Amino acid sequence: MSPSIDLIPEELVYPSGTTAEEVRERNTAAMASSQDLAFAAALDQQGIDFGLELFVEGFTPEAEEAGVGDQLQPGDRILRAAWRADHRH
């Protein structure tokens, strides 16, 4: 074991039943999102106004079990969000 390497269970990165194609799709979406956020940060640093829209991509199995799909659907545009400090996991 190396003190410079963090280990986490594979199931946290690749949940059981995840296909290689699903992993590629998630990685591609994560890269695109990361690039968009970097671009937005650069515009913000330069004082350039920009718009940002968020859309529902999908749900975790836990979110589906909690009934999130009753209120949101993939493709929905997020108009606003609020953080609830009392939310427990």
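The coordinates are above.
Since we're looking at a predicted model, the values are computed, not measured.

Participant: So what exactly am I meant to see when it comes to the overall build of the protein chain here?
Facilitator: When its secondary structure is counted, the protein chain shows three helices and two strands. Tracing the protein chain from N to C terminus, the helices and strands come up as α-α-β-α-β. Scaling as 2.2 N^0.38, a compact globule of 89 residues should have a C-alpha radius of gyration of about 12 Å, whereas the protein chain reaches 17 Å, well beyond that. Principal axes of the C-alpha set define a box for the protein chain whose edges measure 45 × 40 × 35 Å. Counting the 89 residues in the protein chain, one finds 7% classified as buried. Only carbon and sulfur atoms are counted for the fraction: they give 54% of the accessible area of the protein chain, which is about 8500 Å².

Participant: Sorry, what's going on with helix α2 (residues 20-45) here?
Facilitator: Because each turn of an α-helix spans 3.6 residues, side chains separated by three or four positions end up pointing in the same direction. The end-to-end C-alpha distance of α2, which contains 26 residues, comes to 37 Å, matching closely the 38 Å that a straight helix rising 1.5 Å per residue would cover. What α2 keeps buried is the set V23, A40 and L43. One or two residues past the end of α2 sits G47, with phi positive at roughly 75°.

Participant: What's the story with the pattern of salt bridges in this structure? I'm lost.
Facilitator: When their charged atoms lie close together, side chains carrying opposite charge are able to pair. According to the stated counting rule, one finds two salt bridges in the structure shown. As a salt-bridge pair, E21 and R24 come within 3.1 Å of each other at their nearest N and O atoms. Taken together, the positions of E21 and R24, both in helix α2 and three residues apart, correspond to about one turn of that helix. E21 sits in the partly exposed class, given a relative accessible area of 41%. Here R77 makes a salt bridge to E53, at a shortest N to O gap of 3.7 Å. Taken as a pair, R77 in strand β2 (residues 77-78) and E53 in the loop between α2 and β1 (54-55) lie far apart in primary sequence, 24 residues in all.

Participant: Just checking my understanding: could you explain a nonpolar patch on the surface for this structure?
Facilitator: Judged by side-chain polarity, I8, L12, V13 and Y14 come together as a nonpolar surface patch covering roughly 420 Å² of accessible area. With respect to the helices and strands, the residue I8 is situated in the segment before α1 (10-13).

Conventions used here
- Residues numbered from 1 in each chain as written.
- Predicted model: local features only at pLDDT ≥ 70, side-chain atom pairs only at ≥ 80, totals over all residues.
- Heavy atoms only, no water.
- Helix = DSSP H or I, 4+ residues; strand = E, 2+ residues; numbered from the N terminus.
- Rg over C-alpha atoms; globule rule 2.2 N^0.38 Å.
- Buried < 20%, exposed > 50% of the residue type's maximum accessible area, 1.4 Å probe, protein only.
- Areas by Shrake-Rupley, 256 points an atom, 1.4 Å probe, with all protein chains shown as cover.
- Expected span 1.5 Å × (residues − 1).
- Salt bridge = Lys/Arg side-chain N within 4 Å of Asp/Glu carboxyl O.
- Patch = residues over 30% accessible without salt bridge, like charges linked within 9 Å, V, L, I, M, F, W, Y side chains within 5 Å.

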